[in-house]
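As a plain string of letters, each chain reads:
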Amino acid sequence: MAVTTTQTDPDVVVRVFFDALASGSTSAAAELVSDDVWWANIGLPTMRGKRAVVSAIAAMHRSMHFGVQTHHLAVSAPSDPTDPRSPHVVLTERTDTLGVGPFRCDFWVCGRLEVRGGLVCGWQDYFSTADIARGTVRGLIGMLPGLRRG
């Protein structure tokens, strides 16, 4: 699942990263983040450093299923093309799924990932708590006998 040196396009890195997350492969996801990575979910504390981010990903994989459907992905040029340390910004519009047992919560997410040198070095997700609440209600209704999702 690792990105090879010929696959360092920022969009490919982000797609492979989310594939690793959705497959439950913490090790594959860890290979795709830089040592100085940061991860912020709006309303929650920002995690900084590979160890903290990978630990959070591992905890997610241990406690729930994560799924992702990418609807749109857009890549910008680096803010300073003369500086090799300047990351590309990749914007994603997605539907994420968090699941535990038969419960599934689908919700809309807009993500902003920064990719430098073939690695994710920054990740910020924006989402609506109202949409998560709707997804939770839909997930609970979907658990009722006769209404379970296939």
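Residues numbered from 1 in each chain as written. Predicted model: local features only at pLDDT ≥ 70, side-chain atom pairs only at ≥ 80, totals over all residues. Heavy atoms only, no water.

The name given to the protein chain in an unreviewed UniProt entry is Limonene-1,2-epoxide hydrolase family protein, with Dietzia cinnamea as the source organism.

Draft legend 1. Representation of the state of the cysteines in the model. The final tally for this structure, using the stated rule, is 0 disulfides. Counting only cysteine sulfurs, C110 is the nearest neighbor of C105, a cysteine outside any disulfide, at a range of 18 Å. Given the relative accessible area of 5%, C105 is considered buried. Unpaired in terms of disulfides, C121 finds its nearest cysteine sulfur in C110, a separation of 17 Å. (Disulfide = S-S within 2.5 Å. Buried < 20%, exposed > 50% of the residue type's maximum accessible area, 1.4 Å probe, protein only.)

Draft legend 2. Spotlight on the UniProt feature "domain: Limonene-1,2-epoxide hydrolase" (unreviewed entry) in the protein chain. As recorded in UniProt, the sites labelled "domain: Limonene-1,2-epoxide hydrolase" (unreviewed entry) are residues 12-138. In residues 12-138, the share of helix is 32% and the share of strand is 46%. The end C-alpha atoms are 32 Å apart. (UniProt positions renumbered as here; feature names shortened; annotations may be inferred. Helix = DSSP H or I, 4+ residues; strand = E, 2+ residues; numbered from the N terminus.)

Draft legend 3. Just the layout of surface pockets, in detail. In this structure, the largest pocket spans a volume of roughly 340 Å³. Lining the largest pocket we find 19 residues, and of these W39, N41, M60, L98 and D125 sit closest to its centre. Counting only elements with at least two residues in the lining of the largest pocket, the list comes to α1 (10-23), β1 (33-41), α3 (50-63), β4 (88-100), β5 (103-116) and β6 (119-127). (1 Å grid on protein atoms, 1.4 Å probe; cavity = no way out; pocket = protein on both sides within 12 Å on 5 of 7 lines; lining within 4 Å. Points joined across faces, edges and corners; volume = space filled by probe spheres on them.)

Draft legend 4. How the structure looks around the nonpolar core. Ranked by internal contacts, the top residues of the largest apolar core, which has 24 residues, are F17, F18, L21, I57, L113, V120 and W123. For this core, the secondary structure elements donating two or more residues are α1, α2 (26-30), β1, α3, β5 and β6. Examining the composition of this core, we find that 7 residues originate from one element, α1, more than from any other. Among all residues touching F17, those that are not within four sequence positions of it are A29, L32, V33, I57, L113, V120 and W123. (Core = buried A, V, L, I, M, F, W, Y, C linked by side-chain atoms within 4.5 Å. Contact = heavy atoms within 4.5 Å.)

Draft legend 5. Layout of the packing of aromatic side chains. What the rule picks out here adds up to 5 aromatic pairs. Ring centres 5.9 Å apart and planes at 85° place the aromatic pair F18 and W123 in the edge-to-face group. Here F18 is found in helix α1, whereas its partner W123 is found in strand β6, with 105 residues between them in sequence. Note on W123: relative accessible area 4%, which makes it buried. With a centroid separation of 6.3 Å and 70° between ring planes, the pair formed by F107 and F127 is classed as edge-to-face. Of this pair, F107 sits in strand β5 while F127 sits in strand β6, and the two are 20 residues apart along the sequence. Judged by relative accessible area, which is 25%, F127 ranks as partly exposed. Here a set of aromatic residues connected by ring pairs shows up, and it is made of F17, F18, W39 and W123. (Phe/Tyr/Trp six-rings, centres within 6.5 Å; stacked < 30°, edge-to-face > 60°.)

Draft legend 6. Main features of the pattern of salt bridges. Inspection of every chain in the model, using the stated rule, returns 7 salt bridges. Linking D106 and R104 is a salt bridge whose minimum nitrogen-to-oxygen distance equals 3.2 Å. We classify R104 as partly exposed; its relative accessible area is 36%. Residue R134 pairs with D131 through a salt bridge whose shortest N-O separation is 3.7 Å. Note that R134 and D131 are positioned in helix α4 (residues 129-142) at a spacing of 3 residues, about one turn of the helix. A relative accessible area of 46% places R134 in the partly exposed class. The structure contains a network of salt bridges with shared partners spanning D36, R85 and R116. (Salt bridge = Lys/Arg side-chain N within 4 Å of Asp/Glu carboxyl O.)

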